[in-house]
Amino acid sequence: MCWSATADVVAGTIIAAVGAAAVSVAARHPRDLPLAALPLLLGTHQIIEAVVWHHGGGTGPATVAWSVIALPLLALWVPAAVLCAAPPSARRRLLLPLAAGVATAAALAHALVTRTVTAEIRGHTVGYSLGLPQPELTVVGYLLATLGSLLLSGDRGLVLFGVLASVGAAVSFGLWRQEYLSTWCAFAAVCSVVLLLWARRSGRRRS
């Protein structure tokens, strides 16, 4: 995963291909498309990080693009996509993760506009620094939006993805606290292959 530029390119290409297959499977069910496209987005995200590696970190366009996807875009995309795909019985409880995602994405977007995000190569990982004024609160909102929406979705496949991503979050935080964002995004990208199976099962169920 994030261990080198080559690893990011290889993993990103495979994950993006899985995402393209998931989008193809979900094409007849528009409500599933945003979630089915998530591996495609995360695969592209890994490839962008390969460019960050190539430039030795820093504050260039690749670092900014990576951060835009990892921070405000995913905080909003995931809960909104889960809400679209979730069964009607789960939609009311998913409004809380969505609200958390909107607030967190707004705060992160503001931080990216007003501050400079920096990437630093640290051994076999990449650390990103943005200097958020209340990082703990932002992390809680981010995890509620992303992991919370998956775990509350009421769909077995999405809950599995949420559990795997939660395990990845705990492992990444325990082992690479300063590089948490990069390592967890890589872990989530790998876990997102579950969404191809979810798209296939969801398509059969709605057919």
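Residues numbered from 1 in each chain as written. Predicted model: local features only at pLDDT ≥ 70, side-chain atom pairs only at ≥ 80, totals over all residues. Heavy atoms only, no water.

Some points on the nonpolar core
Here is the rule we go by: Definition used in this section: a nonpolar core is a set of buried Ala, Val, Leu, Ile, Met, Phe, Trp, Tyr and Cys residues joined via side-chain atoms within 4.5 Å. Throughout this description, buried means an accessible area under 20% of the type-specific maximum (1.4 Å probe, protein chains only), exposed means over 50%, and partly exposed covers the range between. Helix and strand labels come from DSSP, where a helix needs a run of H or I of at least four residues and a strand needs a run of E of at least two; each type is numbered from the N terminus. The contact rule is simple, with two residues in contact once any of their heavy atoms fall within 4.5 Å.
If you look at the biggest cluster of nonpolar residues, it comprises 55 residues, and the most contacted ones within it are Leu35, Leu38, Trp66, Leu71, Leu74, Phe161 and Trp198. A per-element tally of this core places helix H4 (residues 61-85) first, with 12 residues. Setting aside residues up to four positions removed in sequence, tryptophan 198 forms contacts with Asp32, Leu35, Ala36, Ala85, Asp155, Gly157 and Leu158.

What to know about a nonpolar patch on the surface
Worth spelling out the cut-off: Patch membership needs two things, relative accessible area over 30% and no salt bridge, and members are linked within 9 Å if like-charged or within 5 Å if nonpolar (Val, Leu, Ile, Met, Phe, Trp, Tyr). Residue-level accessible areas treat just the shown protein chains as cover; the underlying method is Shrake-Rupley with a 1.4 Å probe. A pairing counts as a salt bridge when a side-chain nitrogen of Lys or Arg comes within 4 Å of a carboxyl oxygen of Asp or Glu.
Together, Leu151, Val163, Val167, Val171 and Phe187 line one region of the surface with nonpolar side chains, adding up to about 360 Å² of accessible area. A per-element tally of the nonpolar patch places helix H8 (residues 156-175) first, with 3 residues. Tracing the backbone shows valine 167 in helix H8. Here valine 167 falls in the partly exposed class, since its relative accessible area comes to 44%.

Re the packing of aromatic side chains
Short version of the rule: Put simply, two rings from Phe, Tyr or Trp (the six-membered ring, in Trp's case) pair if the centres are within 6.5 Å, and we call them stacked under 30 degrees between planes, edge-to-face over 60, tilted for the rest.
Under the counting rule described, the total for this entry stands at 1 aromatic pair. Look at tryptophan 66 and tyrosine 128: their rings are 3.9 Å apart centre to centre, the planes differ by 0°, and that puts the pair in the stacked class. Note that tryptophan 66 is positioned in helix H4 and tyrosine 128 in strand S2 (residues 125-129), a separation of 62 residues in sequence. Here tryptophan 66 matches tyrosine 128 in class, with each residue buried.

Details of empty space enclosed by the protein
We count it as follows: We place a 1 Å grid over just the protein atoms. Points where a 1.4 Å probe fits but has no way out form a cavity, open points with protein on both sides within 12 Å along at least 5 of 7 lines form a pocket, and any residue with an atom within 4 Å of a point lines it. Grid points are joined across faces, edges and corners, and a volume is the space filled by probe spheres set on the points. For this classification, Asp, Glu, Lys and Arg are treated as charged, while Ala, Val, Leu, Ile, Met, Phe, Trp, Tyr, Cys and Pro are nonpolar and the rest, including Gly, are polar.
Across all of its chains, the model carries 1 cavity of 30 Å³ or more by this definition. Along its surface, the largest cavity is lined by 13 residues, and Val78, Thr146, Phe161, Trp184 and Ala188 are the ones closest to its centre. Of all elements in the fold, only helix H3 (38-54), H4, helix H7 (135-151), H8 and helix H9 (180-191) reach the threshold of two or more residues within the lining of the largest cavity. Ranked by residue count, the leading element in the lining of the largest cavity is H7, at 4 residues. The residue makeup of the lining of the largest cavity, split by class, is 12 nonpolar, 1 polar and no charged.

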